[in-house]
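Chain by chain, the residues:
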Amino acid sequence: RLTQVRWSRYNPSFLEPEVNKEFYQKPWEALSEEEKEKLELRAVQPIKAAPPSVSSSVFSDPMISKFTNMMMKDGNKVLARSLMAQTLEAIKRKQLEKYHKAPEDEKETIECNPYVIFHQALKNCQPIIGLSSITRGGKTYQVPVPLKDNRKRFLAMKWLITECRENKNRRMLMPEKLSQELLQAFNNEGPIIKKKHVLHKMAEANRAYAHFRWW
Amino acid sequence: LRLTYSTTAVQRKNVGASGPEKYTEEFIKKQIEEFNLGKRHLANMMGEDPETFTQKDIDRAIAYLFPSGLFDKKARPMMKHPTEIFPEQRKIQWGEDGRPFHFLFYTGKQSYYSLMHETYEKLLNVEKYQDQLTAQDLPTQKEKSNLAGSRWLTKIELEEMLLEKLSDGDYSRFIQLLEKLAALPCGDIEEKYIQKFSKEVPVQLQKVVIEPLKYDERGVAFSTSTGSRKTARATAIVYDNGTGKITVNGIDVLHYFPVLQDREQLLFPFQFLDRVGKHDMVCTVSGGGRSAQAGAIRLASAKALRSFVTEKEVEFMRQAGLLTVDPRVKERKKPGQEGARRKFTWKKR
């Protein structure tokens, strides 16, 4: 379509802002052809304003902000952010405890950085292939379909959040449960990894219908 | 497909393709004569020289003689050259015997298809030239044409050029062909043809004047500016040789913005330029909510920092989105709906 249904207050010629500082510190010669073209284009076109959740400091991470937004309820960003901070703190505490208890040779293998754990856990949770329902001749088949990166990330985050909201004891708070799930996912165990494997098995079982996909 | 829009071009209607011409040529000629005569009379009336009376002077004179309070500019009395008032329309396409002039008349969109044929012919020419060069083992060069500075004609502009209605699919096919032609290595031969369909985008978007630094009684350099976001309005005064203290409405920043996100936003411009502990800031802000006030102060401080920093860094700030006013505001509530987007509960009966 040439005309959009969803519209934004910006003119379509506005480009997304680039907040990362290193992008601007690269010298001119080190850039490849494509990057030079991109820079030239950016020099001429107007740029949108940076959103309030994004900043150039080392502490802001796009993945973490996305996860915080998904955890948010009724627009309460303050609460969601504090929960996220408490989760990362809980992960750090648990890992430090393990670190101090472990013998000398294992100390190097224990990962203490909560951001690294978060990213790795999300990556482990991402499914590779998904199912999509296609109706042929009255019957609906579940057809295995390759997923896009965005969709994989979204599914991993969604599974994490629903898992934490539903399967916890009455007394347990969200940060603790989340940190538990993240550490389990980091070690490739736990209910979310199981869910991912179940999805893969279903896709493998429905392999016969793969030819129904036309895209 | 990279489609670019311009606000004025999209709104215009294409009158040219609505049908064969309603005004004969002699009528248009008479109108032009009357216009020129009227221009001289008007110049006489206003006491100015009839020879050097431009269109702007005509507009001013008409606005003076016939003041109108109407809101729509197009509804006010105007005096323009007949070619601007009577739009160009297609002439009758067939002769006296009923036989059409153009060989593609019965396709329905004769000018569009003839244009496509012409463009494709140019493409084949370029390919032939390329083959000749490779046969003679000469290198096929390509000069980097400035893709950034030009855009293709919009659908409305193309329709006005061809005096025919086009569909979206037709338009996109044509643009695809043009891009293919422009992308070929030896496409420079047909440069003139391509330039007919491309327009210059105004390269420098409003050169903003950076104010020079002012010095206060203690000799410290400072700079002031304003920023806004949603309904919040802020003014910021950034002092040099500071310790990184920020005061908002007379209150320290830690007390005014208890949320970490807002303080991050305030520090964003300083952190981006690596000047975190070097400047002091005093701001006043009113209106809006917590996040809007933070955004307004961020914009104000970024604008104030422009005076302290080199031009290249100003460009970097602009590309990071620090210097653009955020146009997003609360969407209005529509009648028949509960909110801006939410509809009333659907009841079956």
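Residues numbered from 1 in each chain as written. Chains lettered and ligands numbered in written order. Predicted model: local features only at pLDDT ≥ 70, side-chain atom pairs only at ≥ 80, totals over all residues. Heavy atoms only, no water.

- In the nomenclature of an unreviewed UniProt entry, chain B is known as Small ribosomal subunit protein uS9m of Leptosomus discolor.
- Here chain B is described in UniProt, under the heading Sequence similarities (unreviewed entry), as follows: "Belongs to the universal ribosomal protein uS9 family." (UniProt positions renumbered as here; feature names shortened; annotations may be inferred.)

- Per an unreviewed UniProt entry, chain A goes by the name Small ribosomal subunit protein uS7m and belongs to Leptosomus discolor.
- In its Subcellular location (unreviewed entry) section, the UniProt entry covering chain A states "Mitochondrion".
- In its Sequence similarities (unreviewed entry) section, the UniProt entry covering chain A states "Belongs to the universal ribosomal protein uS7 family."

**A closer look at the domain arrangement of chain B**
Here comes step 1: Under the domain assignment used here, chain B contains domain 1 (25–84), domain 2 (105–137 + 147–200) and domain 3 (214–320).
Here comes step 2: Just the C-alpha atoms count here: the centres of domain 1 of chain B and domain 2 of chain B sit 39 Å apart. (Domains from an automatic or database assignment.)

**Brief notes about the interface of chain B and chain A**
Here comes step 1: The partner chain A presents 37 residues to the 36 residues of chain B that form the contact.
Here comes step 2: A buried area of about 3400 Å², summed over both sides, lies between chain B and chain A, and 55% of it is on carbon and sulfur atoms.
Here comes step 3: Between the two partners, chain B and chain A, sit 2 salt bridges.
Here comes step 4: Taking the shortest distance from any N to any O, the salt bridge between A:Arg81 and B:Glu264 comes out at 3.6 Å.
Here comes step 5: Applying the counting rule to chain B against chain A returns 18 residue pairs in polar contact (both at pLDDT 80 or more).
Here comes step 6: At the level of secondary structure, the elements contributing two or more residues to the side of chain B that touches chain A comprise helix H7 (168–183), helix H10 (260–272), helix H11 (290–305) and helix H12 (311–319) of chain B.
Here comes step 7: No other element matches the 7 residues that H10(B) contributes to the side of chain B that touches chain A.
Here comes step 8: Taken together, the residues of the side of chain B that touches chain A sort by class into 16 nonpolar, 7 polar and 13 charged. (Contact = heavy atoms within 4.5 Å. Buried area = accessible area lost by both parts, 1.4 Å probe. Salt bridge = Lys/Arg side-chain N within 4 Å of Asp/Glu carboxyl O. Polar contact = N/O pair within 3.5 Å; in protein donor to acceptor, adjacent residues only side chain to side chain. Helix = DSSP H or I, 4+ residues; strand = E, 2+ residues; numbered from the N terminus. Nonpolar A, V, L, I, M, F, W, Y, C, P; charged D, E, K, R; others polar.)

**Here's the deal with the domain arrangement of chain A**
Here comes step 1: For chain A, the assigned domains are domain 1 (10–57) and domain 2 (61–212).
Here comes step 2: Put simply, the middle of domain 1 of chain A and the middle of domain 2 of chain A, counted by C-alpha atoms, are 31 Å apart.

**Here we look at a nonpolar patch on the surface**
Residue and element names in this part refer to chain B.
Here comes step 1: On the surface, Met45, Tyr64, Leu65 and Phe66 cluster together to form a nonpolar patch covering roughly 480 Å² of accessible area.
Here comes step 2: One can find Met45 in helix H2 (residues 25–46).
Here comes step 3: Assessed through its relative accessible area of 61%, Met45 is described here as exposed. (Patch = residues over 30% accessible without salt bridge, like charges linked within 9 Å, V, L, I, M, F, W, Y side chains within 5 Å. Areas by Shrake-Rupley, 256 points an atom, 1.4 Å probe, with all protein chains shown as cover. Buried < 20%, exposed > 50% of the residue type's maximum accessible area, 1.4 Å probe, protein only.)

**Side note on helix H6 (residues 149–166) of chain A**
Here comes step 1: For H6(A), built from 18 residues, the straight-helix expectation of 26 Å at 1.5 Å per residue is met to within 8% by its first-to-last C-alpha distance of 26 Å.
Here comes step 2: Residues of H6(A) that are buried sit in contact with helix H3 (62–71), helix H5 (114–125), helix H7 (174–186) and helix H8 (191–205) of chain A. (Expected span 1.5 Å × (residues − 1).)

**Remarks on empty space enclosed by the protein**
Here comes step 1: Using the criterion set out here, one finds 3 cavities of 30 Å³ or more in the structure.
Here comes step 2: Taken as a whole, the largest cavity holds about 120 Å³ of empty space.
Here comes step 3: In terms of lining residues, the largest cavity is bounded by 15 residues, among which A:Ala50, B:Arg229, B:Gly295, B:Arg298 and B:Asp326 are the most central.
Here comes step 4: Of all the elements in the fold, those that place two or more residues in the lining of the largest cavity are strand E4 (221–229) and H11 of chain B.
Here comes step 5: No other element matches H11(B), which puts 5 residues into the lining of the largest cavity.
Here comes step 6: Classifying every residue of the lining of the largest cavity gives 7 nonpolar, 5 polar and 3 charged. (1 Å grid on protein atoms, 1.4 Å probe; cavity = no way out; pocket = protein on both sides within 12 Å on 5 of 7 lines; lining within 4 Å. Points joined across faces, edges and corners; volume = space filled by probe spheres on them.)

**Observations concerning the sheet that holds strand E5 (residues 232–239) of chain B**
Residue and element names in this part refer to chain B.
Here comes step 1: Spatial strand order, E3-E4-E5-E8-E6-E7: 6 strands in an open sheet with mixed pairing. The open sheet has two edge strands, strand E3 (214–215) and strand E7 (251–252), and neither has a second partner.
Here comes step 2: Across 8 bridges, the pairing between E4 and E5 is antiparallel. Its bridge partner being in E5, Ser228 is matched across the sheet by Arg233.
Here comes step 3: Contacts from H11 reach E4, E5, strand E6 (246–248) and strand E8 (280–286) within the one sheet, and its direction differs from that of E4 by about 140°. (Pairing = 2+ DSSP bridges. Axes fitted to C-alpha atoms, helices over the stretch in contact; angles between N-to-C directions.)

**Some details on the nonpolar core**
Residue and element names in this part refer to chain B.
Here comes step 1: In this structure, Val248, Phe272, Met281, Ile297 and Met317 are the most contacted members of the largest nonpolar core, which totals 35 residues.
Here comes step 2: Secondary structure elements with two or more residues in this core: E5, E6, H10, E8, H11 and H12.
Here comes step 3: Of all the elements, H11 adds the most residues to this core, at 8 residues.
Here comes step 4: Not counting residues up to four positions away in its chain, the partners in contact with Ile297 are Ala234, Val248, Phe257, Leu266, Met281, Cys283 and Val285. (Core = buried A, V, L, I, M, F, W, Y, C linked by side-chain atoms within 4.5 Å.)

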